[in-house]
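Given next are the chains, with one letter for each unit.
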Amino acid sequence: MRNVILVAAIAALVATPAFAEEVKIGKMKVDFFGQVQSQLEFDSTDNVDPQITSSRTRFGVKGKQDVGEGVYVLGRYSVDADVLGDGDNDIRTRFGYVGIGHTLFGEVQVGKTNSIAEGFVDKADVFSFRGNNGVQKLTRKQKNSVKYTNEFADIKVGAQATMTDDAKNETLDTWQMGAEYQGLGVTYGKDNLNNDTYYGVGYSKKVGPAMFAGSVSMKDSSTDVLGYELVAGYDLNEKTTLLVGWQDTDAAADKGDITTEVNYKFSKQAIGFVDMEYDRTSEEWKSAVGVKVKF
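Note that the coordinates shown come from a computational prediction; the quantities given were computed from them, not determined experimentally. (Residues numbered from 1 in each chain as written. Predicted model: local features only at pLDDT ≥ 70, side-chain atom pairs only at ≥ 80, totals over all residues. Heavy atoms only, no water.)

Observations regarding the overall build of the protein
Using the following cut-off: Helix and strand definitions follow DSSP, with helices as H or I runs of at least four residues and strands as E runs of at least two, each counted in order from the N terminus. The globule rule used for comparison is 2.2 Å times the number of residues to the exponent 0.38, while the radius of gyration itself is calculated over C-alpha atoms. When a residue's accessible area, from a 1.4 Å probe over protein chains only, is under 20% of the maximum for its type it is buried; when over 50% it is exposed; and in between it is partly exposed. Two residues form a contact once any of their heavy atoms are found within 4.5 Å. Only the protein chains shown count as covering a residue, and every accessible area follows the Shrake-Rupley method with a 1.4 Å probe. Working convention for charge: Lys and Arg count positive, Asp and Glu count negative, and His plus the chain ends are omitted. All charge positions are set by atom: Lys at NZ, Arg at CZ, Asp at CG, Glu at CD.
Secondary structure assignment for the protein yields two helices and 18 strands. Taken over the C-alpha trace, the protein has a radius of gyration of 20 Å; the compact-globule value for 295 residues is 19 Å, and the two agree within 12%. Across its three principal directions, the C-alpha atoms of the protein cover 60 × 45 × 45 Å. Considering the protein as a whole, with its 295 residues, one finds that 39% of them fall into the buried category. Long-range contacts, defined here as pairs at least 24 residues apart, represent 45% of the contacts in the protein between residues at least 6 apart. Total accessible area computed for the protein in this model is approximately 16,400 Å², and 57% of it derives from carbon and sulfur atoms. The protein carries 33 positive and 42 negative side-chain charges, and their two centres are separated by 7 Å.

This is how it looks when you write it as C-alpha cells:
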C-alpha cells in the first residue's frame, strides 16, 4: 500500500498543471517528469495466455542551478514503477545523483548514473518494447559511480567508474570510457570483479524520413561473446513510423531475433505501437500492442 501511495503522489505532482513545464524552486530550475507504458502481450509458445504488462514506467524530478562563471550544480532522482505488481519491491530507484558542471570543462555526476555505453554504442535501442537483444555492455544503471561527460563541437567524450565495498576489494570495480563523432561512437570497458572486458562501436544516422542504427560489441571473458544489432526505420507519414531490426550473437545456440514495430504518434507525449519479434533459435514469436505516455 505504501508503494501504491508513493506512485499516486508522484503521478499527481507530475500531472498537476503547475508542474507541466519547468518551474523554479528558489534559484533552482526544476523539472518533474515521467512515463507510463502498458501493453497486451501475445506469445506463440504453447499454453501461454495473452497478458497485460507494464514496463518502462517511471517518475522523477531533476534540478539545475547556475552559480556563475559558467558553473552549475544539478541533481536527479527517478524511480522505476511496476504499476501492476504485487506490492513486493514494486518501486525501485532508477537513477539518483548529484553533479557539478562547467560550460567549457564538462560535467561530473556522482551516484547511480546512466552508463555511457547507452549513448555512445547502444544505438539500436529504439523499439518501444522489444529488440536490443544482441548488444554486449556493462549494466545500464551504474551504482556507486562517478561519471564525466563533455562536448566539443561535434565530439562527445565520457568516462565512468564504479566503486563498492565488495569482498574482492577492487578499488575500481568497473570502469569505461568512450567518445562519439557525428553519430559514430566507441567505448572500452572493464569489469574488474569478473575479469571481463567490453568493446563496442555504434552508429546512427537519420536522412529525411529514413534512419539507420547499429552496433557491434564484444564481451571478452572466459567465453567471448560478439553481438550485432541493426535497425532501419522509415517515417510513413508525420505520425507513423516503421522499424525493422535484427539482433544476433556468435554464441553457438543463438540464431538471432528479428523485430518489427509500427508506432503511431498521437501527440508529442503519447505513442501507440504494435510489434512482433521472431526468435530464430526457438522458432517462436512474441507480439504486443501498447501505449506509451510521457509527461
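Structural notes on the environment of Leu 184
Positionally, Leu 184 belongs in strand E11 (residues 184–191). Linking Leu 184 and Lys 205, residues 21 residues apart in sequence, is a C-alpha distance of 8.9 Å. Contacts of Leu 184, omitting those with residues within four sequence positions, involve Ala 179, Val 201, Gly 202 and Tyr 203.

Quick word on the pattern of salt bridges
Note the cut-off: By definition here, a salt bridge exists when the distance from a side-chain nitrogen of Lys or Arg to a carboxyl oxygen of Asp or Glu is within 4 Å.
Applying the stated criterion across every chain yields a total of 10 salt bridges. The partner of Asp 80 in a salt bridge is Arg 94, and the shortest N-O contact between them spans 3.1 Å. With Asp 80 in strand E5 (residues 71–81) and Arg 94 in strand E6 (residues 91–102), this pair connects stretches of sequence that are 14 residues apart. Neither Asp 80 nor Arg 94 differs from the other in exposure class; each is buried. A salt bridge links Lys 137 to Asp 122, with the shortest nitrogen-to-oxygen separation between them at 2.5 Å.

Examining the packing of aromatic side chains
For any pair of aromatic rings, the description consists of the separation of the ring centres together with the inter-plane angle of the planes. Let me state the cut-off plainly: Between 30 and 60 degrees the pair is tilted, below 30 it is stacked and above 60 it is edge-to-face, where a pair is any two Phe, Tyr or Trp rings, Trp via its six-membered ring, whose centres lie within 6.5 Å. The rule is short: NZ of Lys or CZ of Arg within 6 Å of the ring centre and within 35 degrees of the ring normal puts a charge over the ring.
Within the structure shown, the criterion is met by four aromatic pairs. Consider the rings of Trp 175 and Tyr 188, whose centres lie 5.5 Å apart with planes at 50°: the pair is tilted. Of this pair, Trp 175 sits in strand E10 (residues 174–181) while Tyr 188 sits in strand E11, and the two are 13 residues apart along the sequence. What makes Tyr 188 partly exposed here is its relative accessible area of 28%. Pairing Tyr 228 with Trp 246 gives two aromatic rings, centres 6.3 Å apart and planes at 20°, and the pair type is stacked. Taken as a pair, Tyr 228 in strand E14 (residues 225–235) and Trp 246 in strand E15 (residues 240–249) lie far apart in primary sequence, 18 residues in all. Accessibility expressed as a relative area gives 31% for Trp 246, which makes it partly exposed. Among the aromatic residues, those joined into a cluster by ring pairs are Trp 175, Tyr 188 and Tyr 199. Sitting over the face of the ring of Phe 33, Lys 62 holds its NZ or CZ atom 5.7 Å from the ring centroid. Just above the ring of Tyr 72 sits the side chain of Lys 64; from NZ or CZ to the centre is 4.3 Å.

Some remarks on a positive patch on the surface
Basically, it comes down to this: Surface patches are drawn from residues lacking salt bridges whose relative accessible area is over 30%; two like charges belong together within 9 Å, two nonpolar side chains (Val, Leu, Ile, Met, Phe, Trp, Tyr) within 5 Å.
Together, Lys 24, Lys 27, Lys 29 and Lys 64 line one region of the surface with positive charge. One can find Lys 27 in the loop between strand E1 (23–25) and strand E2 (28–43). Here Lys 27 falls in the exposed class, since its relative accessible area comes to 68%.

Digging into the side chain of His 102
Our working definition: Here a polar contact means two N or O atoms within 3.5 Å. Within protein one must be a hydrogen donor candidate and the other an acceptor candidate, and residues neighboring in sequence count only if both atoms are side-chain atoms.
Along the chain, His 102 falls in strand E6. A distance of 3.2 Å separates a polar atom in the side chain of His 102 from the backbone oxygen of Glu 69. In terms of polar contacts, His 102 uses its side chain to reach the backbone amide nitrogen of Leu 104, at 2.9 Å. Contacts of His 102, omitting those with residues within four sequence positions, involve Glu 69, Gly 70, Val 71 and Tyr 72.

A word on the environment of Lys 190
Locating Lys 190 in the fold gives a position in strand E11. Its relative accessible area of 17% is what places Lys 190 among the buried residues. Sequence spacing of Lys 190 and Leu 172 is 18 residues, and the spatial spacing of their C-alpha atoms is 9.4 Å. Apart from residues no more than four positions distant in its own chain, Lys 190 is found in contact with Leu 138, Asp 173, Thr 174, Trp 175, Asn 195, Asp 196 and Thr 197.

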